Amino acid sequence: MKKGKLLLTFLSTVLFASMTMAQGTVSGTVYDDSYGESLIGSSIVVQGTTTGTTTDINGYFSLKLDAGSYTLEVSYLGYETKTFEATVNDGEVTRLGRI
C-alpha cells in the first residue's frame, strides 16, 4: 500500500510539474510609427481575458502565457487599439518585434 501511495504522489508531482512548465513568452516593443518613439505604459491584453501587462520605459513588454494561439490587444491613450495574433510555444519566446 505504501508503494502505491508513493507512486501516486510521484506521478502527481510529475504531472503538476509538466503542466506548470507548459508556458512560453510573447514579447515586443510598442512605439509611435510617426515619431519613432517608444510608448511607455502601453497596455497589452489577451483578448477576452484580464491577462495582460504594460510596456516599460523603453516600450518593451514581456508576457508569460500557456502554450497556444492568442489575439493580443495593444492600446495607448490617444491611439487606435491594434490587435495582433501570436502563437506561444512551450519554453520559447515569441518575439513580435516593433508594434
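What counts and what doesn't
Residues numbered from 1 in each chain as written. Predicted model: local features only at pLDDT ≥ 70, side-chain atom pairs only at ≥ 80, totals over all residues. Heavy atoms only, no water. Core = buried A, V, L, I, M, F, W, Y, C linked by side-chain atoms within 4.5 Å. Buried < 20%, exposed > 50% of the residue type's maximum accessible area, 1.4 Å probe, protein only. Helix = DSSP H or I, 4+ residues; strand = E, 2+ residues; numbered from the N terminus. Pairing = 2+ DSSP bridges. Axes fitted to C-alpha atoms, helices over the stretch in contact; angles between N-to-C directions. Phe/Tyr/Trp six-rings, centres within 6.5 Å; stacked < 30°, edge-to-face > 60°. Lys NZ or Arg CZ within 6 Å of the ring centre and 35° of its normal. Polar contact = N/O pair within 3.5 Å; in protein donor to acceptor, adjacent residues only side chain to side chain. Contact = heavy atoms within 4.5 Å.

One finds V26, V30, I44, V46, L65, Y70 and L72 to be the most contacted residues of the largest nonpolar core, which totals 14 residues. Of all the secondary-structure elements, those providing two or more residues to this core are β2 (43-46), β4 (60-66), β5 (68-75) and β6 (82-88).

This part takes up the sheet that holds strand β7 (residues 93-98). Judged by pairing direction, the sheet is mixed, and its three strands sit side by side in the order β4-β1-β7 without closing on themselves. The sheet terminates laterally at β4 and β7, the two strands that pair on one side only. Each adjacent strand pair in this sheet contributes to an overall mean axis angle of 15°, direction not counted. With seven bridges connecting them, strand β1 (residues 23-29) and β4 associate as antiparallel partners.

A full pass over the atoms with the stated rule returns one aromatic pair. Between Y76 and Y79, the ring centres sit 5.5 Å apart and the planes meet at 65°, which makes this aromatic pair edge-to-face. Relative accessible area serves as the criterion here: at 31%, Y76 is assigned to the partly exposed category. One cation-aromatic arrangement involves R98 over Y31; the distance from NZ or CZ to the ring centre is 3.6 Å.

As a further point, take the side chain of T71. Take T71: it is sitting in strand β5. Judged by relative accessible area, T71 falls into the buried class, the value being 17%. A distance of 2.9 Å separates the side chain of T71 from the side chain of E85, its partner in a polar contact. For T71, the residues in contact, after removing those within four places along its chain, are V45, V46, Q47, T83, F84 and E85.

By themselves, these figures tell us nothing about what the structure is for.
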